[in-house]
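Inside the fold
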Amino acid sequence: MAETYPAILFVHGFPFDHEQWLPQLAALSRWRCIAPDLRGFHSGRAPAAGYSMGSYADDLVGALDDAGIDRVVWCGLSMGGYILFEVLRRHPGRILGVILCDTKAEADSAEGKAGRDELIRVAQRDGAAAIADRLLPKVLGVTTRGRRPDVVATVRAMASRLRVPGLVGALRAMRERPDSGPLLDQIGVPALVLGGSEDEISPAAGMRAMAQRIDGAKYVEVPEAGHVAPLERPEVVNEALEDFLLHASFG
Ligand code: MLT
């Protein structure tokens, strides 16, 4: 019997774009992989307004419609995970499985919201390069910062080319996102949760706890990686993705 492989939709985080997934797109050649830029990021259109987890989710489902694809495995990193939760709310029938990378289910705290407001002010005053300077030390793990200048340069390039409307729109959308904790025990599809051991934004302990709340979820902690584990340790992440994609039972 011919094997059938599910299509995978990769949803990037902030302040990145589809290029964060290049190591996965190269390695997972057996699968049909789609990795769009979200609105306001890189090649995506950048309207002045209209940014929310809902509009990102609807845009992605629209992209699947345009490609003639019904259901996919959704793989979201950080903000991509927040969007994935919104797809679970709005379009659950389009989901074959979920891969949650370096993300969290809870909404922003009051302190987190104040941090978003400060970044919005910086973005509007000084542009994307200033945001890149602020976020780089947080998004990359200490090991990557010390040993992988190529990855540091790639992430800086992605962050610096963000356009201000997209940047501000994404910060506002993350600030306003709802708590997705109650969704976790309703996820009825195969799930993989993975994150970097050095992730300071979505710490490993929280990722492990999130996996424990999803029925049957597998958890993988990626050593010596920060908040962009798929780019920082692609060999470890690709092996985990392949293992999940080959062995999970997608309906
Ligand atoms: C991301 O990687 O998408 C962001 O770090 C998420 C966030 O700031 O909450």
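The paragraphs below set out a description of the structure included in this document. Residue positions within a chain follow its written sequence, with the count starting from 1. This being a predicted model, a pLDDT of at least 70 is required before a residue's local features are given, and a value of 80 or more before pairs of side-chain atoms are given or counted; all residues contribute to the totals for chains, interfaces and linings. Excluding hydrogens and water, the side-chain values take into account all heavy atoms of the structure.

What to know about the overall build of the chain
Put simply, the rule is: A helix here means a DSSP run of H or I that spans at least four residues, while a strand means a run of E at least two residues long, and both kinds are numbered starting from the N terminus. Summary of the burial criterion: residues with accessible area below 20% of their type's maximum are buried, those above 50% are exposed, and those between are partly exposed, where the area comes from a 1.4 Å probe applied to protein chains only. Contacts are assigned to residue pairs that have any heavy atoms within 4.5 Å of one another. Throughout, the Shrake-Rupley method with a 1.4 Å probe supplies accessible areas, and for residues the shown protein chains are the sole cover considered.
Within the chain one finds 11 helices and 6 strands. With the principal axes as the frame, the chain shows a C-alpha extent of 60 × 40 × 30 Å. Split into buried and exposed, the 251 residues of the chain put 53% on the buried side. Taking the intrachain contacts of the chain between residues at least 6 apart in sequence as the baseline, contacts between residues at least 24 apart amount to 75%. In the structure as shown, the chain presents an accessible area of about 10,400 Å², 51% of it carried by carbon and sulfur atoms.

Remarks on the site of the ligand
Stated precisely, the cut-off is as follows: Only a single heavy atom is needed: when it lies within 4 Å of a molecule or strand, its residue is near that molecule or strand. As used in this structure description, the phrase polar contact means that two N or O atoms lie within 3.5 Å; if the pair is within protein, one of them must be able to donate a hydrogen and the other to accept it, and residues adjacent in sequence are counted only when both atoms belong to side chains.
Taken together, G13, F14, F16, S78, M79, Y82, R116, M174, I201 and H227 make up all the residues around the ligand. The side chain of S78 places a nitrogen or oxygen atom 3.0 Å from an oxygen atom of the ligand. R116 places a polar side-chain atom, nitrogen or oxygen, 2.8 Å from an oxygen atom of the ligand. Considered on its own, the ligand offers 270 Å² of accessible surface; in the complex 92% of this is hidden by protein.

A short note on the sheet that holds strand β3 (residues 72–77)
Cut-off, in case you're wondering: Pairing between strands requires that DSSP locate at least two bridges from one strand to the other. All axes are obtained by fitting lines to C-alpha atoms, using only the stretch in contact for helices, and the reported angles, taken between N-to-C directions, cover 0 to 180 degrees.
Spatially, the 6 strands line up as an open sheet ordered β2-β1-β3-β4-β5-β6, and their pairing is parallel. The sheet is open, and its two edges are formed by β2 (33–34) and β6 (218–222), each paired on a single side. Bridge count between strand β1 (residues 8–11) and β2: 2 bridges; the pairing is parallel. By the bridge assignment, L9 is partnered in β2 with I34. Strands in contact with helix α3 (residues 79–90) are β1, β3 and β4 (95–101); relative to β3, the strand with the most contacts, it is inclined by about 140°. Lying over the sheet, helix α11 (residues 234–247) contacts β1, β3, β4, β5 (191–196) and β6, oriented at roughly 175° with respect to β5.

Describing the state of the cysteines
Test applied: When two cysteine sulfur atoms lie within 2.5 Å, the pair is treated as a disulfide.
Across all of its chains, the model carries 0 disulfides by this definition. No disulfide involves C33; its nearest neighbouring cysteine sulfur is the one of C75, lying 9.2 Å away. Free of any disulfide, C101 has its nearest cysteine sulfur in C75, 3.9 Å distant.

Describing the pattern of salt bridges
In a structure, side chains of opposite charge can pair up when their charged atoms sit close to one another. The line we're drawing: Here, a salt bridge means any side-chain nitrogen of Lys or Arg that lies within 4 Å of a carboxyl oxygen of Asp or Glu.
Under the defined criterion, the tally for this structure stands at 24 salt bridges. Note that D108 and R116 form a salt bridge whose closest N and O atoms lie 2.7 Å from each other. One salt-bridge network, in which partners are shared between bridges, spans D58, E86, R89 and R90.

As for the environment of L119
The topology assignment puts L119 in helix α4 (residues 110–126). By relative accessible area, L119 is classed as buried at 12%. The contacts of L119, once residues within four sequence positions are left out, are I131, R134, L135 and L171.

A word on the pairing of β3
Judged by how many residues are buried, β3 sits mostly within the fold: 6 of 6 residues are covered. Judged from the 6 bridges that link them, β3 and β4 form a sheet pairing that is parallel. Its bridge partner lying in β4, C75 is registered against I99.

Focus on helix α7 (residues 149–160)
Inclusion rule: To estimate the expected span of a helix, subtract one from its residue number and multiply by 1.5 Å. As used here, the arc belongs to the directions running from the helix axis to the C-beta atoms.
Its 12 residues give α7 an end-to-end C-alpha distance of 16 Å, which sits within 8% of 16 Å, the value for a rise of 1.5 Å per residue. Among the residues of α7, those classed as buried are V151, V152, V155, M158 and A159. Around the axis of α7, the buried residues are gathered within 130° of arc, so they sit on the same side. Where α7 is buried, its residues touch α5 (128–139), α6 (142–147) and α10 (229–232).

Topic: α4
Taking 1.5 Å of rise per residue, 17 residues should cover 24 Å, and α4 covers 24 Å from first to last C-alpha, within 8% of that figure. Taken together, the buried positions of α4 are R116, L119, I120, V122 and A123. The buried residues of α4 all sit within an arc of 165° when viewed along its axis, so they share a single face. Summarising the geometry of α4, the exposed residues directed more than 90 degrees from the buried face are A110, E111 and R125. Those residues of α4 that are buried lie in contact with α3, α5 and α8 (164–175). Looking one or two residues past α4, G127 carries a phi angle of roughly 85°, positive in sign.

These values are about where atoms sit, not about what they do.
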